[in-house]
Amino acid sequence: MGLIVQKYGGSSVADAEGMKRVANRIVAAKRDGNQVVVVVSAMGDTTDELIDLAKQITPIPSGRELDMLLTAGERISMALLAMAITNLGHEARSFTGSQAGVITTSAHGRARIIDVTPGRIQEALAEGAIAIVAGFQGISQDTKDVTTLGRGGSDTTAVALAAALEADVCEIYTDVDGIFSADPRVVPTARKLKTVTYEEMLELAASGAKVLHLRCVEYARRYDLPIHVRSSFTTNEGTWVVKDHPQGGEMEQAIISGIAHDKSEAKITIVGVPDRTGVAARIFQAIADADINIDMIVQNVSAAATGLTDISFTLPKDEGADATAILQKLQGEVGFASIQYDDQIGKLSLIGAGMRSHPGITATFFGAMSEAGINIEMISTSEIRISIICRQADLERGAKAAHAAFGLDADSNEAVVYGGTGR
Ligand code: ADP
Ligand code: ASP
Ligand code: MG
């Protein structure tokens, strides 16, 4: 007998039929002799709809109230799923994040899990019940307010619970058959990966592949907990996220494991910055003080005649307005000419551990972009990743071109999307 944590995403429980289908799967795992803990997301696009609703009331809702609102989505799911399981003759008990012992920081909308104290879950399991936990939420250690973990955060609830409960496996059920070499919604020829390493998945998630929440991968790596990403619509074996690719496996030779694309970033260019020691530090300190995360940075050599340079950086679109306001306040002190804001950019990333030992990846990548007529605006690299910024309108074409250039296209069309709206 094992302990399994299963997580079902919004598209898997989009309607009553979905709830019943998922309930059957959960009961099957229980009948197989396992203790089962289930983490569930809000139904379909509920979270987006609740955000839209809040914005109709006020353009900038308070973090505390927005979190209170959004956690309702997962609570609806947990109660309905518990009812569906009860209907099948098994005992199920639903728990909010707080009841499940998910203790977080107080940063509304992006709280981090500090501790998990799943006493009530263990009690329910000991009494033979299936425990259903509302994903993506917790309670702040300091303020005792309800918090959310950021979009896609139910994955992290599942992995954190699995680690705390010392589960044998954490299964993430979604609307595709696993982790593919690219987003199947964008690259229909994407191929399913048998295994992905934590290291590769961290880069994929950080580069926009929303199939797994970045922090859930960090968590899984820290606890060396295997994650099995699979479809809730089929019984196909999915993708295992593990420490190392198995020896002799197909992935050993792969140079590029996956391609990720990201439309969620914007670019800010500070034009005419005096090229003096301490100026860049001043600018980025102000951005950091506002807790804004930046991604890529490019600074050109200053023009000899003027001693001025341009600095560009990318950041989440959601934080664009705040960052622009902060920079405007600095204009007098730093003495730059102007600020340009561009939210029509896209980021395309190639990820693969094999990159370390293979020269020429950049040349092939850039060659493919050139052939597709795509202009590269910014570049950044890590040991196992190359990312570029291009026009957002070119992004999907770029993803397909890079996928083909690295020979990743599958022979048969295995990249089926079973549900979801891609929102
Ligand atoms: P859930 O609601 O189950 O959490 P998400 O929408 O958050 O599902 O994540 C699943 C989606 O992630 C897929 O439908 C797919 O469009 C997208 N995706 C992006 N990159 C990948 C990838 N490399 N492999 C699989 N899916 C991906
Ligand atoms: N419902 C939340 C979201 O849409 C959390 C999740 O689905 O993981 O982001
Ligand atoms: Mg998700």
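Residues numbered from 1 in each chain as written. Chains lettered and ligands numbered in written order. Predicted model: local features only at pLDDT ≥ 70, side-chain atom pairs only at ≥ 80, totals over all residues. Heavy atoms only, no water.

Asker: I'd like a rundown of the overall build of the protein, residues and numbers included.
Answerer: Each helix and strand in the protein was counted, giving 11 helices and 20 strands. A globule of 423 residues ought to have a C-alpha radius of gyration of about 22 Å, and the protein, at 23 Å, matches this closely. Projecting the C-alpha coordinates of the protein onto the three principal axes gives extents of approximately 80 × 50 × 35 Å. Within the span of the protein, comprising 423 residues, buried residues form 53% of the whole. Counting contacts in the protein only where the partners sit at least 6 residues apart, residues at least 24 apart contribute 76% of the total. Here the protein displays about 18,400 Å² of accessible surface, and carbon together with sulfur accounts for 50% of that area. One way to put it: in the protein the 38 positive side-chain charges average out to a point 2 Å from where the 53 negative ones average out. (Helix = DSSP H or I, 4+ residues; strand = E, 2+ residues; numbered from the N terminus. Rg over C-alpha atoms; globule rule 2.2 N^0.38 Å. Buried < 20%, exposed > 50% of the residue type's maximum accessible area, 1.4 Å probe, protein only. Contact = heavy atoms within 4.5 Å. Areas by Shrake-Rupley, 256 points an atom, 1.4 Å probe, with all protein chains shown as cover. Lys, Arg positive; Asp, Glu negative; His and termini not counted. Charge placed at Lys NZ, Arg CZ, Asp CG, Glu CD.)

Asker: Report on helix 4 (residues 119-126), specifying residues and quantitative values.
Answerer: Buried within helix 4 are the following residues: Ile121, Ala124 and Leu125. Seen along its axis, helix 4 keeps its buried residues to an arc of 100 degrees; they face one direction. Buried residues in helix 4 make contact with strand 1 (3-8), strand 2 (35-40), strand 3 (92-95) and strand 6 (130-134). Just downstream of helix 4 lies Gly128, where phi reads positive at about 85 degrees. (Arc of directions from axis to C-beta.)

Asker: For the UniProt feature "binding site: substrate" (unreviewed entry) in the protein, give the residues involved together with the corresponding values.
Answerer: Under the feature "binding site: substrate" (unreviewed entry), the UniProt entry names Thr47 and Glu74. Spatial clustering of the annotated residues is evident: they stretch over 28 residues in sequence, but the largest pairwise C-alpha distance comes to 8.7 Å. By secondary structure assignment, the location of Thr47 is in helix 2 (residues 46-57). On the basis of relative accessibility, which here comes to 10%, the residue Thr47 falls in the buried class. Sequence-distant contacts of Thr47, that is, excluding residues within four places in its chain, are made with Ala42, Leu70, Glu74, Phe136 and Arg151. Relative to the helices and strands, Glu74 resides in helix 3 (residues 63-87). The residues touching Glu74, leaving out its near neighbours within four places in the chain, are Val40, Ser41, Ala42, Thr47, Ala134, Gly135, Phe136, Gln137 and Ser154. (UniProt positions renumbered as here; feature names shortened; annotations may be inferred.)

Asker: Quick one: what's the story with the packing of helix 6 (residues 198-206) against helix 7 (residues 214-223), residue by residue and with numbers?
Answerer: Viewed as axis vectors pointing N to C, helix 6 and helix 7 meet at an angle of 165 degrees, and their least axial separation amounts to 9 Å. Considering the angle they form, helix 6 stands roughly antiparallel to helix 7. Judged by the twist between their axes, the crossing of helix 6 over helix 7 is left-handed. Residue-level inspection shows Tyr198, Met201, Leu202, Ala205 and Ala206 of helix 6 in contact with helix 7, the latter providing Leu214, Val217, Glu218, Ala220 and Arg221. Among the residues making up the contact of helix 6 with helix 7, the classes are represented as 8 nonpolar, no polar and 2 charged. (Axes fitted to C-alpha atoms, helices over the stretch in contact; angles between N-to-C directions. Parallel < 35°, antiparallel > 145°, perpendicular 65-115°, else oblique. Left-handed = near helix turned anticlockwise from the far one by under 90°. Nonpolar A, V, L, I, M, F, W, Y, C, P; charged D, E, K, R; others polar.)

Asker: Explain the packing of aromatic side chains residue by residue, including any values.
Answerer: The final tally for this structure, using the stated rule, is 5 aromatic pairs. A centroid spacing of 4.7 Å and a plane angle of 10 degrees characterise the contact between Tyr8 and Tyr173, whose relative ring orientation is stacked. Here the residue Tyr8 occupies a position in strand 1, and Tyr173 occupies one in strand 9 (residues 169-174), the gap between them amounting to 165 residues. Residue Tyr8 is classed as buried on the basis of its relative accessible area of 0%. Plain terms: the ring middles of Phe284 and Phe313 are 5.4 Å apart, the flat faces sit at 70 degrees to each other, and that makes the pair edge-to-face. (Phe/Tyr/Trp six-rings, centres within 6.5 Å; stacked < 30°, edge-to-face > 60°.)

Asker: I'd like to hear about the site of ligand 2, residue by residue, with values.
Answerer: Close to ligand 2 lie Ser41, Ala42, Thr47, Glu74, Phe136, Arg151, Gly152, Gly153 and Ser154, which account for all nearby residues. Between ligand 2 and Gly153 there is a distance of 3.4 Å, counted from an oxygen atom to a backbone nitrogen or oxygen. With the chains in place, 86% of the 260 Å² that ligand 2 exposes on its own is no longer accessible. Residues of the shell around ligand 2, tallied by class, amount to 2 nonpolar, 5 polar and 2 charged. (Near = heavy atom within 4 Å. Polar contact = N/O pair within 3.5 Å; in protein donor to acceptor, adjacent residues only side chain to side chain.)

Asker: A description of the sheet that holds strand 17 (residues 338-342) should follow, citing residues and the corresponding values.
Answerer: What the 4 strands build is an open sheet, ordered 15-16-14-17; its pairing is antiparallel. Bordering the open sheet on either side are strand 15 (297-299) and strand 17, each of which pairs with just one other strand. Each strand of the sheet is rotated relative to its neighbour by a mean of 15 degrees, with strand direction disregarded. Bridging between strand 15 and strand 16 (residues 308-316) involves 3 bridges; their strand directions are antiparallel. By the bridge assignment for strand 16, Val298 is matched with Ser312. Relative to strand 16, helix 8 (residues 279-289) is tilted by about 20 degrees, and along the sheet it contacts strand 14 (265-274), strand 15 and strand 16. Strands in contact with helix 9 (residues 320-334) are strand 14, strand 16 and strand 17; relative to strand 14, the strand with the most contacts, it is inclined by about 5 degrees. (Pairing = 2+ DSSP bridges.)

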